[in-house]
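Report on the structure
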Amino acid sequence: MALVTETTKQVLDRILSIEIVRVTERAAVSAARLRGHGNEKAADQAAVDAMRRELSKLPIGGTVVIGEGERDEAPMLFIGETVGTGKGPKVDIAVDPLEGTTLCAKNMAGAIATMAMAESGTLLNAPDVYMEKIAIGPGYPKDLVDLDVSPAENIMRLAKAKGVRPQDITALILDRTRHADMIAAVRKTGAAVALITDGDVAGVIHTAQPDATGIDIYLGIGGAPEGVLAAAALACIGGQMQCRLVLDTEEKRSRAAKMGIKDPRKKYGITDMVKGDCVFAATGVTDGNMLRGVKFRKDFIETETVVMRSVTGTVRWVRAEHRQLQKFHLD
Ligand code: VTB
């Protein structure tokens, strides 16, 4: 009996890792219709609506733990919302229907639709606050880099472990004034800084394939929801990440406490943020380094998605041609 249950669970897991692709594909197509229209809100809403529609068809008992916001501020996909048919495994859901709303509104590179699904109760329930993050690729000694040492020291440690000079290291950082000192400190070591305007989920994932992306380390402060999504991806493909919520006001600390966060200064590793098996997917909205954006052809729509499973570490690149969508304008 136990064996049967286990097998059923695994089969379901495998099916879900394809089903999840439909969800991010639909969100990406809907957002892509509004690429370059200068309207971040409309693009985000289109992605949210599409993602919610697709999620409702999944054979899961899902609970949104990372969503569009806390209950009273988000009409859809709010934290705590239940999604799916209710017939199937109980899962935690993390969504960012349009990661990089500005990138989409301005039709700039790197906007994606992304989500992760994990065993119930295993994803960090993080409030929508800032998060300090540091991430490097696989193959390095455990705890090589640390949020509590200086950016320069982290670069030196990484260069040494990689067997290169600091000048041969590239750090990816969000281009924000809050990072001015960090950027200067990294440059002082001789390392190169690659700046992004948005999109640190993909930014963190870049560190997992340094040979392909040229990015060795991600540093800086971004959104906590994006941090948990990136951790889900690294839980599948390997790499190290350390994060800490920025709970700099009493109001934020009490919001976090309500979500079960006892230690506001806790440093989270990947397994603290993603404790169980998970599946991660992202579909390109605009062309980016990681994924091609949606292409509207005459008779079909093309999407590109990456989907990963932590159980096996399998990474699938799914290039899809959607004929119905284009024909019937169903998105
Ligand atoms: C990052 C980035 C997102 O928010 O998390 C960033 O990945 C952090 O917030 O794409 P600020 O923009 O306030 O710096 C985004 O840029 C937008 O959600």
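These figures come from a predicted structure and were not determined experimentally.

For proline 151, the location among the structural elements is in helix α4 (residues 151-162). In sequence terms proline 151 and alanine 171 are 20 residues apart; their C-alpha atoms lie 9.9 Å from each other.

For the rest of this paragraph, the subject is helix α2 (residues 40-55). Between the first and last C-alpha of α2 there are 22 Å, a value that for 16 residues agrees with the 22 Å anticipated at 1.5 Å per step. For α2, the set of buried residues is Ala43, Asp44, Ala46, Ala47, Val48, Ala50, Met51, Glu54 and Leu55.

By volume, the largest pocket is sized at about 770 Å³. If you trace the largest pocket, you find 30 residues lining it, with Asp96, Leu98, Thr101, Asp128 and Glu226 closest to the centre. Breaking the lining of the largest pocket down by element, the ones donating at least two residues are α2, β3 (90-99), β8 (217-223) and α8 (224-237). A total of five residues in the lining of the largest pocket trace back to one element, the largest contributor, which is α2. The class makeup of the residues in the lining of the largest pocket is ten nonpolar, seven polar and 13 charged. Taken together, domain 1 (8-123 + 278-328) and domain 2 (130-273) each give at least three residues to the lining of the largest pocket, which thus spans both. Here the second largest pocket defines a volume of roughly 300 Å³. Lining the second largest pocket are 20 residues, with Ala109, Gly110, Ile196, His206 and Asn289 sitting closest to its centre. If one sorts the elements of the lining of the second largest pocket by residue count, helix α6 (residues 200-206) sits on top with three residues. Among the residues making up the lining of the second largest pocket, the classes are represented as eleven nonpolar, eight polar and one charged. Formed jointly, the lining of the second largest pocket draws a minimum of three residues from each of two domains, domain 1 (8-123 + 278-328) and domain 2 (130-273).

Turning our attention to the site of the ligand. All residues in the neighbourhood of the ligand are listed as Glu99, Gly100, Tyr130, Leu174, Arg176, Arg178, Asp198, Gly199, Asp200, Gly222, Gly223 and Glu226. In this structure, tyrosine 130 approaches the ligand through a side-chain N or O atom, which is 2.5 Å from an oxygen atom. Alone, the ligand offers 410 Å² of accessible surface; in the complex the protein occludes 77% of this. Applying the majority rule of atoms within 2 Å of the grid points places the ligand in the largest pocket. In the shell around the ligand, the residues fall into two nonpolar, four polar and six charged.

Attention shifts here to the side chain of glutamate 99. With respect to the element layout, glutamate 99 can be found in strand β3. From its side chain, glutamate 99 meets the backbone nitrogen of aspartate 200 in a polar contact 3.1 Å long. In this view, glutamate 99 contacts Gly110, Ala111, Ile112, Thr114, Gly199, Asp200, Val201 and Glu226; residues no more than four positions away in its chain are not counted.

Turning our attention to the nonpolar core. Of all hydrophobic cores here, the largest spans 48 residues; its most connected members are Met241, Leu245, Met273 and Phe280. If you tally residues by element for this core, the top one is α8, at nine residues. Each of domain 1 (8-123 + 278-328) and domain 2 (130-273) contributes no fewer than three residues to this core. When sequence neighbours within four positions are dropped, the list of residues in contact with leucine 245 reads Ala126, Pro127, Val129, Tyr130, Met131, Ala224, Ile261, Pro264 and Tyr268.

Once that is clear, we can look at the pairing of strand β14 (residues 315-322). Strand direction decides the pairing type here: strand β13 (residues 301-309) and β14, joined by eight bridges, are antiparallel. Bridged to valine 306 within β14 is tryptophan 317. The turn linking β13 back onto β14 is made up of five residues, and glycine 313 within it adopts a positive phi angle of 75 degrees.

Structurally, the protein comprises domain 1 (8-123 + 278-328) and domain 2 (130-273). Placing the centre of domain 1 and that of domain 2 at their C-alpha centroids yields a distance of 24 Å. Contact residues are listed per partner, giving 25 residues for domain 1 and 20 residues for domain 2. Between domain 1 and domain 2, roughly 1,800 Å² of surface is buried when both sides are summed, and carbon and sulfur atoms account for 74% of that area. The interface formed by domain 1 and domain 2 contains zero salt bridges. At the boundary of domain 1 and domain 2, one finds two residue pairs in polar contact (both at pLDDT 80 or more). Breaking the side of domain 1 that touches domain 2 down by element, the ones donating at least two residues are β3, α3 (101-105), β4 (112-119), β11 (278-284) and β13. In terms of residue class, the side of domain 1 that touches domain 2 is made up of 15 nonpolar, six polar and four charged.

Cut-offs applied
- Residues numbered from 1 in each chain as written.
- Predicted model: local features only at pLDDT ≥ 70, side-chain atom pairs only at ≥ 80, totals over all residues.
- Heavy atoms only, no water.
- Helix = DSSP H or I, 4+ residues; strand = E, 2+ residues; numbered from the N terminus.
- Expected span 1.5 Å × (residues − 1).
- Buried < 20%, exposed > 50% of the residue type's maximum accessible area, 1.4 Å probe, protein only.
- 1 Å grid on protein atoms, 1.4 Å probe; cavity = no way out; pocket = protein on both sides within 12 Å on 5 of 7 lines; lining within 4 Å.
- Points joined across faces, edges and corners; volume = space filled by probe spheres on them.
- Nonpolar A, V, L, I, M, F, W, Y, C, P; charged D, E, K, R; others polar.
- Domains from an automatic or database assignment.
- Near = heavy atom within 4 Å.
- Polar contact = N/O pair within 3.5 Å; in protein donor to acceptor, adjacent residues only side chain to side chain.
- Areas by Shrake-Rupley, 256 points an atom, 1.4 Å probe, with all protein chains shown as cover.
- Sits in = over half its atoms within 2 Å of the grid points.
- Contact = heavy atoms within 4.5 Å.
- Core = buried A, V, L, I, M, F, W, Y, C linked by side-chain atoms within 4.5 Å.
- Pairing = 2+ DSSP bridges.
- Buried area = accessible area lost by both parts, 1.4 Å probe.
- Salt bridge = Lys/Arg side-chain N within 4 Å of Asp/Glu carboxyl O.

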